[in-house]
Amino acid sequence: MQVIKKIGIGSAARIYGLTLAGIGAIIGIPYGLFVLAFIGTEAAGLPFGSGFIIIIILGIPIFYGIIGFLFGALFAWMYNLVASKVGGLEIELSEQKPLTAE
């Protein structure tokens, strides 16, 4: 068994941030296009006019990325704090055997 004693806070923050930014793009782009399809490019009642759609498409992934970055750093810091007191996460690793041509 191997033990993860510490997680790099910056590394975890970047991974969480980029992962959630990707999820935000998966959510934000279709949502923005949905709003565009049903409301059109006219500024009919939308805050900031038709620029609201661009704010949705770009803003949701950026917002999710920032939240992911902050929570990634927080979770890594909390893991390191708990792992220093009670030990790290135990994982079992195995070596991959090379494939042979028969």
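The structure under discussion appears in the preceding block.
Within every chain, residues take consecutive numbers counted from 1 along the sequence as written. For a predicted model such as this one, the threshold for reporting local features is a pLDDT of at least 70, and the threshold for listing and counting side-chain atom pairs is 80 or more; totals across whole chains, interfaces and linings nevertheless cover every residue. Note that water and hydrogens are dropped before the side-chain values are worked out from all heavy atoms of the structure.

Enquirer: Is there a simple way to think about helix α1 (residues 9-39) in this case?
Expert: Every α-helix carries 3.6 residues per turn, so stepping three or four residues along brings you back to the same face. Over its 31 residues, α1 runs 43 Å from end to end, which matches the ideal 45 Å to within 8%, given 1.5 Å per residue. Of all the residues in α1, the buried ones are Ala 12, Ala 13, Gly 17, Gly 24, Gly 28, Gly 32 and Val 35. By definition in these notes, contact holds between two residues if any of their heavy atoms fall within 4.5 Å. Helix and strand definitions here come from DSSP, where helices need a minimum of 4 consecutive H or I residues and strands a minimum of 2 consecutive E residues; each element is numbered from the N-terminal end. Buried residues belonging to α1 abut α2 (51-86). To estimate the expected span of a helix, count its residues, drop one, and scale the result by 1.5 Å. Throughout, exposure labels follow a simple rule: accessible area from a 1.4 Å probe, protein chains only, divided by the maximum for the residue type, with under 20% read as buried, over 50% as exposed, and the rest as partly exposed.

Enquirer: Looking at this model, I keep getting lost on the packing of aromatic side chains. Mind explaining?
Expert: How two aromatic rings sit relative to each other is given by the distance of their centres and the angle of their planes. Working definition: rings of Phe, Tyr and Trp (its six-membered ring) pair if their centres are within 6.5 Å, and the pair is stacked with planes under 30 degrees apart, edge-to-face with planes over 60 apart, and tilted otherwise. Applying the stated criterion to the full structure yields three aromatic pairs. Where Phe 71 meets Phe 75, the ring centres are 5.7 Å apart and the plane angle is 50 degrees; that geometry is what we call tilted. A residue pair is termed a helical-turn pair when its members lie 3 or 4 positions apart in one helix, as Phe 71 and Phe 75 do in helix α2 at four residues. With a relative accessible area of 39%, Phe 75 lands in the partly exposed category.

Enquirer: Just checking my understanding: could you explain the side chain of Asn 80 for this structure?
Expert: Secondary-structure assignment places Asn 80 in helix α2. With residues near it in sequence (within four places) discarded, Asn 80 still touches Lys 5, Lys 6, Ile 7 and Ile 9.

Enquirer: Explanation requested: the environment of Ile 7 in the structure shown.
Expert: With respect to the helices, strands and loops of the structure, Ile 7 is situated in the loop between β1 (2-4) and α1. Sequence separation of Ile 7 and Gly 88 is 81 residues, and the distance between their C-alpha atoms is 9.8 Å. Those residues within four positions of Ile 7 in sequence are excluded, and the remaining contacts are Ala 12, Ala 76, Tyr 79 and Asn 80.

Enquirer: Can you walk me through α2 in this structure?
Expert: Taking 1.5 Å of rise per residue, the 36 residues of α2 would be expected to cover 52 Å, and the 51 Å separating its terminal C-alpha atoms lies within 8% of that figure. Along α2, the residues that are buried comprise Ile 53, Ile 56, Pro 61, Gly 65, Gly 68, Gly 72, Ala 76, Asn 80 and Ala 83. In the core, the buried residues of α2 are packed alongside α1. Remark: Gly 87 follows α2 within two positions and exhibits a positive phi of approximately 100 degrees.

Interpretation in functional terms is not warranted from these geometric data alone.
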